[in-house]
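Structural features, examined
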Amino acid sequence: FAFNTAILAEGLGLSNHEVEGIRYASPMHDIGKLGVPDSILMKPAKLTPAEFKEMQNHTVFGGKILENAKAELLRISEQIALTHHEKWDGSGYPRGLKGESIPLSGRIVALADVFDALTTKRCYKPAFSLEESMKIIKEGTGRHFDPKVVQAFNDNLEKILAVKAQFSS
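Chains are numbered independently. Their residues run from 1 in the order of the written sequence. Whole-chain, interface and lining totals are the exception, using all residues; otherwise, since this is a predicted model, local features are given only for residues with pLDDT of at least 70 and side-chain atom pairs are given and counted only at 80 or more. To get the side-chain values, take all heavy atoms of the structure and skip hydrogens and water.

By convention, a stacked pair of Phe, Tyr or Trp rings (six-membered ring in the case of Trp) has centres within 6.5 Å and planes under 30 degrees apart, an edge-to-face pair has planes over 60 apart, and any other such pair is tilted. Scanning all chains against the criterion turns up 3 aromatic pairs. For the pair Phe52 and Tyr93, a centre-to-centre distance of 6.3 Å together with 85° between the ring planes defines the contact as edge-to-face. Here Phe52, found in helix α4 (residues 49-56), pairs with Tyr93, found in the loop between α6 (72-83) and α7 (104-119); they are 41 residues apart in sequence, far enough to count as distant. For every residue, the accessible area obtained with a 1.4 Å probe (protein chains only) is divided by the maximum for its type, and the residue is called buried under 20%, exposed over 50%, and partly exposed between those limits. Classification of Phe52 as partly exposed rests on a relative accessible area of 39%. Numbered from the N terminus, helices here are DSSP runs of H or I no shorter than four residues, and strands are runs of E no shorter than two.

Okay, here's the thing in structure tokens:
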């Protein structure tokens, strides 16, 4: 996952410093799940609307855990924790940010996180095929995902798949 965020950041032309910051901060994106009950996190079925609302709070919890950090890496982690579920069209959460008002780090992690979730077996779903995952990402371009981030993803898909193969063995 973190390597994929770095591949995307590099593909977008960010500096080595920015790429490494996103790479090392991105694993903290779900730290706020510490505040979500295990019964919701591990539920092997679709969440109820109330459970989904509770799950959404993980972004806010993550932001609170990391807020006021002095270290740059933790400030990037806070930004990612708060914004990785915002959507390009403004329909995401927790703040309903839209377009470039979403920090680039959050837009990068949003796509890397969804790709990981789609292509990995979870307690509530099987892994989707690469073809189905790519279709979902394509359909989300301009709605869920920043088109520029999707382009970087597509341009670097071979690298991303190599990383996935390396770590799923």
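We now examine the pattern of salt bridges. Salt-bridge detection follows one rule: a side-chain nitrogen of Lys or Arg within 4 Å of a carboxyl oxygen of Asp or Glu. Counting across every chain of the model gives 8 salt bridges. A salt bridge links Glu20 to Arg23; the nearest nitrogen and oxygen atoms lie 3.4 Å apart. Of this pair, Glu20 and Arg23 both sit in helix α2 (residues 16-25), 3 residues apart, which is roughly one turn of that helix. Here Glu51 ties to Lys43 by a salt bridge, and the two come within 2.6 Å at their closest N and O atoms.

A separate point is α2. Inspection of α2 places Val19, Gly21, Ile22 and Ala25 among the buried residues, and these make up the whole buried set. Buried residues of α2, seen end-on, are gathered within an arc of 160° and therefore sit on one face of the element. In α2, the exposed positions angled more than 90 degrees off the buried face are occupied by Asn16 and His17. Of all possible arcs, the one meant is that of the directions from the helix axis to the C-beta atoms.

With that settled, the discussion passes to the layout of surface pockets. In this structure, the largest pocket encloses a volume near 1,200 Å³. Elements with a contribution of two residues or more to the lining of the largest pocket: α3 (38-41), α4, α7 and α8 (130-140). Take the lining of the largest pocket: its biggest share by element is 6 residues, from α7. Looking at the lining of the largest pocket, its residues break down into 18 nonpolar, 10 polar and 11 charged. Residues are called lining when one of their atoms sits within 4 Å of a cavity or pocket point, these points coming from a 1 Å grid over the protein atoms alone, where a cavity is a set in which a 1.4 Å probe fits but cannot get out and a pocket is an open set with protein on both sides within 12 Å along at least five of seven lines. Grid points are joined across faces, edges and corners, and a volume is the space filled by probe spheres set on the points. In the scheme used here, Gly and all other residues not listed as nonpolar or charged are polar, with Ala, Val, Leu, Ile, Met, Phe, Trp, Tyr, Cys and Pro taken as nonpolar and Asp, Glu, Lys and Arg as charged.

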